[in-house]
Amino acid sequence: MRSRPLTQYVLKVHSRCDLACDHCYVYRHADQSWRGRPRAIDRETVRAAAARIAEHARAHRLRRVRVVLHGGEPLLLGPVRLRALLAQLTATIAPVAELDLRMQSNGVLLTPALCELLAEYGVRVGISLDGDAEANDRHRRFADGTGSHAQVRRALALLRRPEYRRSYAGLLCTIDVRNDPIRVYEALLAEEPPRIDLLLPHATWNQPPYRPDGAATPYADWLYRIYRRWLADGRPVPIRLFDSLISTAAGGPSGTEAVGLDPADLVVIETDGAWELADSMKTTYDGAAGTGLDVFAHAVDEVAGHPEVAVRSTGLAELCQTCRQCPVVRQCGGGLRAHRYRDGTGFDNPSAYCADLKELIRSMNLDPPPAVPAVGTGAEPAAGAVDLLPQGQVRAALLDDLGSGPGSAATVGSLAASQLAIVRALLAEAAGGLTGAVPARAWELLGQLDGAAPEAVDAVLAHPYARGWVQGRLDPRTAAATDPAHLAALAAAAAIQAGVSTDVEVPARSGLLWLPGLGALALDQPAGGGTVRLAVDAAGFVAQAGDRTVRVPLDGSGPTPPGWQPARFVEAESWRLLVEDLDPYRDCYDRPATARLTPERAATWRRHLAAAAALVRRDVPGHLPGLRVGLRAVTPLADDPHGRLHSGTSRHAFGAVGTVLAPAEELAVLLVHEFQHVKLGAVLDLCDLVDPTERVRLVVPWRPDPRPVEGVLQGTYAHLAIAEIWRARPGDVAAERFRMYRDWTAGAVEALLATGGLTGDGERFVRRMGETVAAWADRGERSDRPGEADRS
């Protein structure tokens, strides 16, 4: 396997802090290198760092990279320098890969003006809070000894405002077992966070964690009390540590380097441009985080090859013998690497929290909630057994956010994550019915890849039409016509993305060998099908079909062979969109999908889509972050012989829309309109908005026939977005169209609420749409530019 690409970067933008927390790993532990760092990162360092990240993303065809602004305290950078930094990162990285910008802050300096800036660039902010005032101010204090609790809560009140809610990433809480766990949990929950991180305080065998006298596993006991309450409350908010241990119990990824065996792909860039290891390493010994590399002279590939970076991707091999022989090692993963350190033996030890981690895992495994199975585990859940429903405040926040129209990138991202989990669960269910050597080998390979490179498996299973194939296998009416060997195409694509050297038999249909998200290879063989042996390596693959051998380099290392049809993408407005004209399961719309586009026709599609993206940014910029996260593919549909516009979505194809080619002004409306249906379909996979026993039909002005309640709900949500577009466009015709769509939406909201056929969640969602429309009227009517949208 080639070196794993790095996708997460902690960018230190300021090396000082306005608090003097006595448990801080930067200032209060072994490494004191901060003293020699520049206080603030300068423009040249930002420019060099951004260029290195973009260079790496381009070389490895990364779809997404995350950059976390950190410190010290990043808000000490000030609004002027912060804006310049965000602009530089966005301009350099976003054209290459989706840029996920984050910030970790104590929140003390947060202001409405800074919230506006963070929202403008889509930065999601995590805030450090250790609980109620007593718990938080035990450690998180100013230099004069006064507590920070009141200032932090003021910042959180800002982030809970509707206009800033999308910037609220969650809370980070460092555990102190002297604080009451339930009071801490309740205090954190009261701030309505999207996520909670509960962190063990950094400790090593040289500086062991605090333990009350006579307590064998105080951290496990403390955490388990919260876990039990969290389960009793219906898991109202994701808690990363618990979610990670639940996932790893089912053989899935942990999503964190604190537990589990997931390969770590995070590095730090200091204010002087030095590449460093994770900050937790600073707690072990002076200089432990250093690599001797910097952004000016060293590419990210060189950092990825550094021994201390590479060792974090070796799984069990990096652990001591005690850990490797432990029955819970695949859940625990030896804990955080820094916590294993001891003078003399280095990191070849169990965690300083070994007893606590083992006890917490044991207790949780005896008391598990339902879990989503990992690929390749052999689990076959019964239909409906997957627990994906967001609970309590989280579900309410999701419905409120989407009811406002666009929904934030974070909300759309959560819908995408839920859809991926559904595909994984359905695939595990379908695996039991896959017969034959090719599907069996593919299933085995996919399971191996899921352990070694889960992000590659995720990327393939997140392809919009993967679920359609799985649903086809599970439906008795279509199972016989749905090729089980298609699983091999998914496995091969995942292996190529992971850079794993392997052989796999892949089916060919109508003379094409298709690899999702990568392209298709035209073969000289009968149209009936058969399989082709692929030899995958770090550079691409070699296809062996009969007497013909074809090498397809995917890293630019050689010429493109005749017959290779690469996937086509449009990159515009920091949005990477697949023009999907190859997938054999894409024909799921009312109109037929086109065949492979000619180069000239593909160029026209690219121009129109790029122009449409620019119009979305101009007219409804609030929709663009969600589209970037959730809309992955556009499937060209056959033109209407009468020139009418047609577009559509499929409930089983999250992340895709089908549409005919249209002028950019119309295409922008179609994309935004149809993506409303995509989002609402994903919500309906999570919770009922309409009483399933409701049989009433409503007359609506946009359709000649009475419509069921769910159909009216779908149309209303789509028209909410269309009205927003026309509201933004200038001109009398557009003003008239805005009023029409606004009135349609307002009238449908009233009619839906009057039916009595909505669930409590449905009523909340519809009322939020009504509030959005009413707010438009309160601010006065704005006008638009002409165009036409397909009726929902």
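Note: the structure precedes this text.
Within each chain, residue numbers correspond to sequence positions counted from 1 in written order. This being a predicted model, a pLDDT of at least 70 is required before a residue's local features are given, and a value of 80 or more before pairs of side-chain atoms are given or counted; all residues contribute to the totals for chains, interfaces and linings. Excluding hydrogens and water, the side-chain values take into account all heavy atoms of the structure.

S.K.: I would appreciate a short explanation of the environment of R225 in the present structure.
M.R.: To qualify as a helix, a DSSP run of H or I must reach at least 4 residues; to qualify as a strand, a run of E must reach at least 2; elements of each kind are numbered from the N terminus. Examined against the element boundaries, R225 turns out to sit in helix α7 (residues 218–232). The class for R225 is partly exposed, based on a relative accessible area of 43%. For the pair R225 and Y589, spaced 364 residues apart in sequence, the C-alpha separation works out to 50 Å. We call two residues contacting when some pair of their heavy atoms lies within 4.5 Å. Filtering out sequence-adjacent residues up to four positions away, R225 remains in contact with D180, P181 and I182. Using a 1.4 Å probe on the protein chains alone, a residue whose accessible area is under 20% of its type maximum counts as buried, one over 50% counts as exposed, and one in between counts as partly exposed.

S.K.: Explain the packing of helix α2 (residues 79–93) against helix α3 (residues 112–120) here, please?
M.R.: Helix packing for two helices is described by the angle between their axes and how far apart those axes are. Axis lines are fitted through C-alpha atoms, for helices just across the contact stretch, and the angle between N-to-C directions can take any value from 0 to 180 degrees. Running from amino to carboxyl end, α2 crosses α3 at an angle of 5°, the nearest separation of the two axes being 11 Å. Relative to α3, the element α2 lies roughly parallel. Contacts between α2 and α3 involve P79, L82, R83 and L86 from the first element and L114, L117, L118 and E120 from the second. Counted by class, the contact of α2 with α3 contains six nonpolar, no polar and two charged residues. Should an angle lie under 35 degrees it is considered roughly parallel, over 145 roughly antiparallel, and from 65 to 115 roughly perpendicular; all remaining angles are considered oblique. Each residue receives one of three labels: charged for Asp, Glu, Lys and Arg, nonpolar for Ala, Val, Leu, Ile, Met, Phe, Trp, Tyr, Cys and Pro, and polar for the others, Gly being one of them.

S.K.: Looking at this model, I keep getting lost on the packing of α7 against helix α8 (residues 240–249). Mind explaining?
M.R.: Where α7 contacts α8, the axes come no closer than 11 Å and their chain directions differ by 80°. Taken together, the axis directions place α7 and α8 in an arrangement best described as roughly perpendicular. Residues L223, I226, Y227 and W230 of α7 form the contact with α8, whose participating residues are L241, F242, D243 and I246. Class assignment for the residues of the contact of α7 with α8 results in seven nonpolar, no polar and one charged.

S.K.: How should I be thinking about the pattern of salt bridges in this particular structure?
M.R.: Pairing between side chains of opposite charge can happen when the charged atoms of each approach one another. Salt bridges, as used here, are contacts in which a Lys or Arg side-chain nitrogen is within 4 Å of a carboxyl oxygen on Asp or Glu. Using the criterion set out here, one finds 57 salt bridges in the structure. Here D130 and R140 are joined by a salt bridge, their closest N and O atoms 3.0 Å apart. Here D130 is found in the loop between β4 (124–128) and α4 (133–136), whereas its partner R140 is found in the loop between α4 and α5 (149–159), with 10 residues between them in sequence. On the basis of relative accessibility, which here comes to 2%, the residue D130 falls in the buried class.

S.K.: For this particular structure, what's the right way to read the sheet that holds strand β20 (residues 647–648)?
M.R.: For sheets, the rule is that strands pair by backbone hydrogen bonds, running either parallel or antiparallel. Reading across the sheet, the five strands line up as β17-β18-β19-β21-β20 and stay open at both edges, with mixed pairing between neighbours. Unpaired on one side and paired on the other, β17 (568–572) and β20 mark the two borders of the sheet. Alignment of β20 against strand β21 (residues 656–659), held across two bridges, turns out to be antiparallel. When the sheet's bridge partners are listed, S647 is paired in β21 with T659. Across the sheet, helix α20 (residues 599–619) lies against β17, β18 (575–579), β19 (633–636) and β21, angled at about 30° from β17, the strand it touches most. Packing of helix α22 (residues 664–686) onto the sheet brings it into contact with β18, β19, β20 and β21, and relative to β21 it is tilted by some 135°. Note on pairing: two strands pair once DSSP finds at least 2 bridges between them.

S.K.: I would appreciate a short explanation of the nonpolar core in the present structure.
M.R.: Where a protein is soluble and globular, its nonpolar side chains tend to be buried together. Counting 137 residues, the largest nonpolar core has L534 and F541 as the members making the most contacts within it. Considering each element in turn, this core owes the most residues, 14 residues, to α22. Leaving out residues up to four positions away in the same chain, F541 has contacts with I496, L515, L521, L534, A535, V536, V550, R551, V552, L554 and W564. Of all hydrophobic cores here, the second largest spans 100 residues; its members include A54, M103, V184 and W230. Buried Ala, Val, Leu, Ile, Met, Phe, Trp, Tyr and Cys residues that are joined via side-chain atoms within 4.5 Å together make up what is termed a nonpolar core.

S.K.: Looking at this model, I keep getting lost on unusual backbone geometry. Mind explaining?
M.R.: Among all residues except glycine, the phi angle is most often negative; among peptide bonds, the trans geometry is most common. Cis geometry is adopted by the peptide bond preceding G72, which originates at G71 and carries an omega value of 15°. By the secondary structure assignment, G72 is in the loop between β2 (64–70) and α2. One non-glycine residue, R61, lies in positive phi territory at about 50°. Inspection of the secondary structure puts R61 in the loop between α1 (43–59) and β2. The class of R61 is partly exposed, set by a relative accessible area of 39%. Phi at S574 is positive, roughly 60°, even though this residue is not glycine. Mapped onto the elements, S574 comes out in the loop between β17 and β18.

S.K.: So what exactly am I meant to see when it comes to the side chain of D176 here?
M.R.: When you line up the elements, D176 lands in the loop between β5 (168–174) and α6 (181–190). Engagement of the side chain of D176 in a polar contact is seen with the side chain of H139, the distance being 2.6 Å. One polar contact links the side chain of D176 to the main-chain amide nitrogen of R178, over a distance of 2.8 Å. Nitrogen and oxygen atoms within 3.5 Å of one another constitute a polar contact, given that in protein one can donate a hydrogen and the other can accept it, and given that sequence-neighbouring residues count only through two side-chain atoms.

S.K.: Any chance you could explain the sheet that holds strand β13 (residues 531–537) here in plain terms?
M.R.: Ordered in space as β15-β14-β13-β10-β11-β12-β16, the seven strands form an open sheet in which the pairing is antiparallel. On the outer flanks of this sheet lie β15 (548–553) and β16 (564–566), each paired with one strand and no other. Shown here is a sheet whose adjacent strand axes are inclined to one another by a mean of 30°, direction ignored. Pairing between strand β10 (residues 502–509) and strand β11 (residues 512–515): two bridges, direction antiparallel. The residue bridging R509 from the neighbouring strand is L512, located in β11. On top of the sheet, helix α16 (residues 437–452) reaches β10 and β13; it is set at about 130° to β10, its chief contact. Running over the sheet, helix α19 (residues 486–498) touches β10, β11, β13 and β14 (540–545) and is turned about 135° from β10.

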